Amino acid sequence: MAYSCELDTGLKIYLDHQETQTIIATFGCGPGQMEKSHQDFQIGSWTSQPVIFQTPEGAVLNIKTTEDEYYIQIRGRNISLLSEAPSLSSSQQIQVFEVSCMPSLEPIQP
């Protein structure tokens, strides 16, 4: 099952997992163009639905797996795995929706 949410900034985040692989994709609109990025992480099988927090800099994802608990930070097009739990005191949890599939990550051909 894939999940999606949208930040106040208009950035859309999609998450999916396939066995032990987590796929995160972001889609946003910049001046005159569509911006997208994605990153894959081998972090294990999810044990629950991911939780997403909107932060002043972007978003932080909390994903619990059979191996551990992970925090992934999204700042614009940069997606990175954090080495420790961040302070989320100035952040707000946002609603995550189940979606049937993640949008295509292939480049759009003219």
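In every chain, residue numbers begin from 1 and rise along the written sequence. Predicted model: local features are reported for residues with pLDDT of at least 70 only, side-chain atom pairs are reported and counted for 80 or more only, and whole-chain, interface and lining totals are derived from all residues. Side-chain descriptors were evaluated using all non-hydrogen atoms of the structure, hydrogens and water having been removed beforehand.

Chemist: A description of the pairing of strand S1 (residues 2-6) should follow, citing residues and the corresponding values.
Modeler: Side-chain positions along a regular strand alternate between the two faces of the sheet. Accessible area is worked out with a 1.4 Å probe on protein chains only. A residue is then buried under 20% of its type maximum, exposed over 50%, and partly exposed in between. Put simply, DSSP marks the helices as runs of H or I at least four residues long and the strands as runs of E at least two long, and each gets a number from the N terminus on. In terms of residue burial, S1 counts as a mostly covered element, since four of its five residues are buried. Summarising the sheet, S1 and strand S10 (residues 97-99) pair through three bridges and their orientation is antiparallel. If you follow Tyr3 over to S10, its bridge partner there is Glu98. Strand pairing is assigned whenever DSSP detects at least two bridges linking the two strands. Relative to strand S2 (residues 12-18), S1 is paired through four bridges, and the arrangement is antiparallel. Looking at S2, one finds that Ser4 is bridged to Tyr14. Connecting S1 to the antiparallel partner S2 that follows it, the hairpin turn spans five residues, and Gly10 within it adopts a positive phi of roughly 95°.

Chemist: I'd like a rundown of the sheet that holds strand S7 (residues 69-75), residues and numbers included.
Modeler: Spatially, the five strands line up as an open sheet ordered S8-S7-S6-S5-S9, and their pairing is antiparallel. Each edge of the open sheet is held by one strand with a lone partner, namely strand S8 (78-81) and strand S9 (92-94). For this sheet, the mean inter-axis angle between neighbouring strands, taken without regard to orientation, is 25°. Here strand S6 (residues 58-64) runs beside S7; their pairing, made up of six bridges, is antiparallel. When the sheet's bridge partners are listed, Leu61 is paired in S7 with Ile72. Every axis corresponds to a line fitted to the C-alpha atoms, with the helix fit spanning only the stretch in contact, and the corresponding angles, defined between N-to-C directions, vary from 0 to 180 degrees.

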